[in-house]
Amino acid sequence: MPDLLVRSFAPLLLALQPCFTRPSFSSFWALAGAWILCSGRRSLTHIIQSAQLTRFKHYCSFHRFFSQARWNLDQLGQAVFQLLLPFCDPELLAAVDDTLARKSGRYIWGAGMHHDPLRSTQKRPFFAFGHNFVVFSLQVALPFAPNKFWAFPILVRMYRKRQTAQRAPGKGGKLERKQTGQATPKQYRTRPELALQMIQIVASWIPQRTLRVLGDSEYAGQSISRHLPANVKLISRMNMKAALYAPAPKIVTRGRRRKKGNRLPSPLQIAQNKKAEWIKTTVTLYGKQVKLWYQTIDALWYPSAGQQLLRIVVVRDPSRRRRDDCFFSTDLTLAPTQILEFFARRWPLEVCFHDVKQFLGFEDPQNRVAKATTRTAPLIFFIYDLVLLWHAQCGHRLAEQSALDRPWYRQKAEVSFEDVLRTLRYATWQERIFDDPALDAHTRKLLQPFVEWAKAVT
C-alpha cells in the first residue's frame, strides 16, 4: 500500500480495516491519501492521476472499489463513531440535515431537480439538478479548540425522488435519461424518513446513553417526532401557526378517553399578544452574546408529536431585525435558554457541508452507476472526519509551523478546516521530503521554499 500521508495518520486508517476485505482496504488506503493531497477538481480519474495510483493498482480497481467492492457504509460509520466516542460528552449531541450536490450530465444516476437553499430567497425559490444527501452528524468539541463544535458525519442517505412516467418531448418520446435512478413506490423514502432510519441506528449503538438530535423545521414533523427511540430527545423549530393543545385531562368520563386537552394559542398568537410578559435575557448563540426576549409554554403539538408533551419557546429579537421564531424540545428538563443554545449548535453541520464542497471536492465525482453514486460522496464525509481526528490527536502540535502568514488578517481567532487540512499536508511533505537522511543541506535549502509555497495550495 502506498504511504502517501504522514505515518501518524496510519492508525486511523487501520481502525477502519475490519470494514473492508483485504483488496478493498488497500484501495481505500490509497484513495484516502490521494483525496487529501489532491488539489483542484477531484474527479476519480484526477485523484488517480495526481497521486500516480496506477503504479500501485490498475485504475479500474479504484472504480470497482465504489461500484462493486464488498463494504458497507453503515459499518464504516460505526467504526468512525467508535473513534469519536472518547471525545464525546456523556450525553451525545447530534444534528441531521440535507445538502445538495449540484451535477450536470444526462447519465448521472439518481440525480434530479432539488430545492437549492443557497440560491433561493423567500419570494423566489430556486431549483438545481443534482443529488440530495441526508446527513446525520455528531457535534463534538475537540481538545485543541474546546469552545468550538465540529460536525462529524457518520451516516449518510441519498434521497431519491419518486419514479414518474415523464417522457422526452416529441411523438412517442422515450423516458427521460435524467430520470434514471428514481425510486419505485416501494423504495421511496422522504427525507425525514431517511433521517429517522439513521437516528434509530445510532440510538441502537448507545442504548444506555442519551442522544440529543437537532434539526430544522423539515425534521420536526410526525415522521420523526412520533417514532423516536426512548433514549433520543429532539430539538427543532416549530411553525408559528402550529396548533397547540393542553394535555388531556386525567378525569375519566363516559366514552373514549381524550387524547388532547383544550386548544391553546398558537406561537404566532402568543407573540402577538400585547399583554404577554416577555422574559429578557442574554444567551450565547453562534459564538456571540445575543440579547433576546422569550416566552415558554409546555403543550402538545398534536398534529406532529401526538401526545408527547413539548417545551415550546417563542423568541423575539428586541431590535426587530429578525422575525419572531419558535423552537421546541421533547426534553422537559431543559431550560428555555438551553434549548436555544443547543439548537444553535446545528450550525457546524452547515460549515461541514461548505468545507467538503470547497476543500474535498464533494460535488466533483460524476458517477453513472447506482452503488458508486451512493458510496462516493459519503466516503468524502468519512475522510473529512479522519482529518479532524488526526488533528485532534497529534496534528494540533504542528499548527504554528503550518500557519500562513497573513498580516492583513489579524482578527482570526478559531481554527478552520482549511487550517487543519493544510497542517496535514504540511506534515506529510515535511516527513516525505526532509526525513530522508541522504538529503544534503544544500538540497534541503532549495526544497524548503517549495514546501512553504505548497501551503497555500488547496
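Residues numbered from 1 in each chain as written. Predicted model: local features only at pLDDT ≥ 70, side-chain atom pairs only at ≥ 80, totals over all residues. Heavy atoms only, no water.

Draft legend 1. Just the overall build of the protein, in detail. Scanning the protein from terminus to terminus reveals 15 helices and 12 strands. Computed over its C-alpha atoms, the radius of gyration of the protein comes to 25 Å, within 12% of the 23 Å expected for a compact globule of 458 residues. Dimensions of the protein, computed from C-alpha atoms along their principal axes, come out at roughly 90 × 65 × 45 Å. Counting across all 458 residues of the protein, residues that qualify as buried make up 51%. The contacts in the protein between residues at least 6 apart in sequence include a share of 65% that link residues at least 24 apart. Within the protein, one finds 68 positive and 33 negative side-chain charges whose respective centroids are separated by 10 Å. (Helix = DSSP H or I, 4+ residues; strand = E, 2+ residues; numbered from the N terminus. Rg over C-alpha atoms; globule rule 2.2 N^0.38 Å. Buried < 20%, exposed > 50% of the residue type's maximum accessible area, 1.4 Å probe, protein only. Contact = heavy atoms within 4.5 Å. Lys, Arg positive; Asp, Glu negative; His and termini not counted. Charge placed at Lys NZ, Arg CZ, Asp CG, Glu CD.)

Draft legend 2. Layout of the side chain of Asp-98. Considering the arrangement of structural elements, one finds Asp-98 in strand E1 (residues 92–102). Within the buried set, Asp-98 has no salt-bridge partner at all; the shortest N-O distance to an opposite charge, 4.3 Å, is to Arg-191. Looking at Asp-98, its side chain comes within polar contact range of the side chain of Tyr-219, at 2.7 Å. With residues up to four places along the chain from it excluded, the contact list for Asp-98 reads Asn-132, Phe-133, Val-134, Arg-191, Glu-218, Tyr-219 and Phe-353. (Salt bridge = Lys/Arg side-chain N within 4 Å of Asp/Glu carboxyl O. Polar contact = N/O pair within 3.5 Å; in protein donor to acceptor, adjacent residues only side chain to side chain.)

Draft legend 3. Representation of the nonpolar core within the structure. Within the largest apolar cluster, 144 residues are counted, with the highest numbers of intra-cluster contacts made by Phe-9, Phe-136, Leu-138, Trp-150, Ile-154 and Leu-211. With sequence-adjacent residues up to four places away left out, Leu-211 is seen in contact with Leu-92, Ala-94, Phe-136, Leu-138, Ile-199, Val-202, Ala-203, Ile-206, Asn-231, Val-232 and Lys-233. (Core = buried A, V, L, I, M, F, W, Y, C linked by side-chain atoms within 4.5 Å.)

Draft legend 4. Just the pairing of strand E6 (residues 232–237), in detail. Where strand E5 (residues 211–215) lies against E6, five bridges are found, and the strand directions are parallel. Along E6, the bridge assignment pairs Gly-215 with Ser-236. Alignment of E6 against strand E12 (residues 325–329), held across three bridges, turns out to be antiparallel. What sits directly across from Arg-237, in E12, is Phe-327. (Pairing = 2+ DSSP bridges.)

Draft legend 5. Spotlight on the environment of Arg-124. Position of Arg-124 relative to the elements: it lies in the loop between strand E2 (112–115) and strand E3 (127–141). What makes Arg-124 exposed here is its relative accessible area of 64%. Taking C-alpha positions, Arg-124 is 52 Å from Arg-254, a pair spaced 130 residues apart along the chain.

Draft legend 6. Seen up close, empty space enclosed by the protein. This model, assessed by the stated rule, comprises two cavities of 30 Å³ or more. Taken together, Ala-101, Lys-103, His-131, Phe-133, Phe-362, Pro-365, Asn-367, Thr-373, Thr-376 and Ala-377 make up the lining of the largest cavity. At the level of secondary structure, the elements contributing two or more residues to the lining of the largest cavity comprise E3 and helix H12 (370–393). Classifying every residue of the lining of the largest cavity gives five nonpolar, four polar and one charged. (1 Å grid on protein atoms, 1.4 Å probe; cavity = no way out; pocket = protein on both sides within 12 Å on 5 of 7 lines; lining within 4 Å. Points joined across faces, edges and corners; volume = space filled by probe spheres on them. Nonpolar A, V, L, I, M, F, W, Y, C, P; charged D, E, K, R; others polar.)

Draft legend 7. Up close: the side chain of Asn-231. With respect to the helices and strands, Asn-231 occurs in the loop between helix H7 (222–225) and E6. Separated by 3.4 Å, the side chain of Asn-231 and the backbone oxygen of Ala-203 make a polar contact. Contact partners of Asn-231, with chain neighbours within four places excluded, come to Ala-203, Ile-206, Pro-207, Arg-209, Thr-210 and Leu-211.

Geometry only, nothing functional implied.
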